[in-house]
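Secondary and tertiary structure notes
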Amino acid sequence: DERSLLMRFVVGLLSQPSPHAELVTFRGRLSFDPEAGDAARQVNQAMVDRFGPLVRAAQAAGGVEPHLDAEALVELVDLLVEGCNRRHISDTFATSFERVGTVAINLLLGALRPPPEGEPPPPSPSMTPTGTTTPTTPTTPTTPATPTPTTSTTPTPTIPTTTPSLREHAR
């Protein structure tokens, strides 16, 4: 199905660095060269055009949250993959490609799973017909006069440390 195909593709891209350093370098240069702006937009639009329909098909089949903006999701994944590869190529990770890829995969999987039957989807921003978000009225947070210490009972997730375990997420 579409969801499985998308997940296998994304997990593959975020599990190991691209073997095509020249492509990563080329896309990185497009971002900083003002004269290359049109070419960069065309590359980015081609990604959205290519994978947006697949995400929408997965949404229609119930495999991906229907409230998510399919095109923005494609662009987000593209940004994650491009950014991870750029840091890998330039050897500038504070952590590692694998660790960031694992977290990205887990976050994406959590966001893409439809909620259990009967539960409402998580909130999302209102979208105007042009695809821009509708501004909301900011609220002023209230803070207590004295901070109250809290303890968390949420267990700390473990991060897999081998690439094959990342591939399990796609199944």
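As the structure is a computational prediction, the values presented were derived from the model and not from experiment.

**Examining helix H1 (residues 2-15)**
Taking 1.5 Å per residue, 14 residues should reach 20 Å; H1 reaches 20 Å between its end C-alpha atoms and fits that length. Those residues of H1 that fall on the buried side of the exposure criterion are Arg-3, Leu-6, Met-7, Val-10, Val-11, Leu-14 and Ser-15. Buried residues along H1 cover an arc of 150 degrees about the axis, so they all sit on one side.

**Overview of the packing of aromatic side chains**
Geometry of an aromatic ring pair is reported as the spacing of the ring centres plus the angle between the planes. In the structure shown here, the tally under the stated rule is 2 aromatic pairs. Ring plane angle 20 degrees and centroid distance 5.1 Å describe the contact between Phe-9 and Phe-51, whose orientation is recorded as stacked. Of this pair, Phe-9 sits in helix H1 while Phe-51 sits in helix H3 (residues 37-60), and the two are 42 residues apart along the sequence. Residue classification places Phe-9 among the partly exposed residues on the basis of a relative accessible area of 40%. Centroid distance Phe-93 to Phe-97: 6.3 Å. Interplanar angle 75 degrees. Geometry classified as edge-to-face.

**Let's talk about the pattern of salt bridges**
Under the defined criterion, the tally for this structure stands at 3 salt bridges. One salt bridge connects Glu-71 with Arg-56, and the closest N-O pair in it is separated by 2.0 Å. Remark: Arg-56 occurs in helix H3 and Glu-71 occurs in helix H4 (residues 70-90); sequence separation between them is 15 residues. In this structure Glu-71 comes out as partly exposed when scored by relative accessible area, which is 32%. On the accessibility criterion, Arg-56 (37% relative accessible area) is partly exposed.

**Some points on helix H5 (residues 97-112)**
Think of an α-helix as turning once every 3.6 residues; residues three or four places apart then point the same way. Relative to the 22 Å expected for 16 residues at 1.5 Å per residue, H5 spans 22 Å between its end C-alpha atoms, a close match to the ideal helical length. Of the residues making up H5, those classed as buried are Phe-97, Glu-98, Gly-101, Thr-102, Ala-104, Ile-105, Leu-108, Leu-109 and Leu-112. Summarising the axial view, the buried residues of H5 lie within an arc of 165 degrees, below the 170-degree limit, and thus occupy one face.

**Brief notes about the nonpolar core**
Counting 23 residues, the largest nonpolar core has Val-10, Leu-14, Val-55, Leu-73, Val-77 and Leu-108 as its most contacted members. Every element with two or more residues in this core is listed here: H1, H3, H4 and H5. Beyond its immediate chain neighbours, meaning those up to four positions away, Val-55 contacts Leu-6, Ala-70, Leu-73 and Val-74.

**Quick look at the side chain of Gln-59**
Mapped onto the elements of the fold, Gln-59 is located in helix H3. Not counting the four nearest positions on each side in its chain, Gln-59 is found in contact with Val-64, Glu-65, Pro-66, Leu-68 and Ala-70.

**Focus: the environment of Val-24**
Checked against the element boundaries, Val-24 lands in helix H2 (residues 21-32). Since its relative accessible area comes to 11%, Val-24 is described here as buried. Linking Val-24 and His-88, residues 64 residues apart in sequence, is a C-alpha distance of 9.7 Å. When residues no more than four places from it in sequence are discounted, the contact partners of Val-24 are Ser-18, Asn-85, Arg-86 and Ile-89.

**Re unusual backbone geometry**
The bulk of non-glycine residues show a negative phi, and the bulk of peptide bonds are trans. Phi angles above zero are rare outside glycine, and Asp-91 is one such case at about 55 degrees. Here Asp-91 shows up in the loop between H4 and H5. A residue is classified by how much of its surface remains accessible, and Asp-91, at 70% relative accessible area, is exposed.

About the criteria used
- Residues numbered from 1 in each chain as written.
- Predicted model: local features only at pLDDT ≥ 70, side-chain atom pairs only at ≥ 80, totals over all residues.
- Heavy atoms only, no water.
- Helix = DSSP H or I, 4+ residues; strand = E, 2+ residues; numbered from the N terminus.
- Expected span 1.5 Å × (residues − 1).
- Buried < 20%, exposed > 50% of the residue type's maximum accessible area, 1.4 Å probe, protein only.
- Arc of directions from axis to C-beta.
- Phe/Tyr/Trp six-rings, centres within 6.5 Å; stacked < 30°, edge-to-face > 60°.
- Salt bridge = Lys/Arg side-chain N within 4 Å of Asp/Glu carboxyl O.
- Core = buried A, V, L, I, M, F, W, Y, C linked by side-chain atoms within 4.5 Å.
- Contact = heavy atoms within 4.5 Å.

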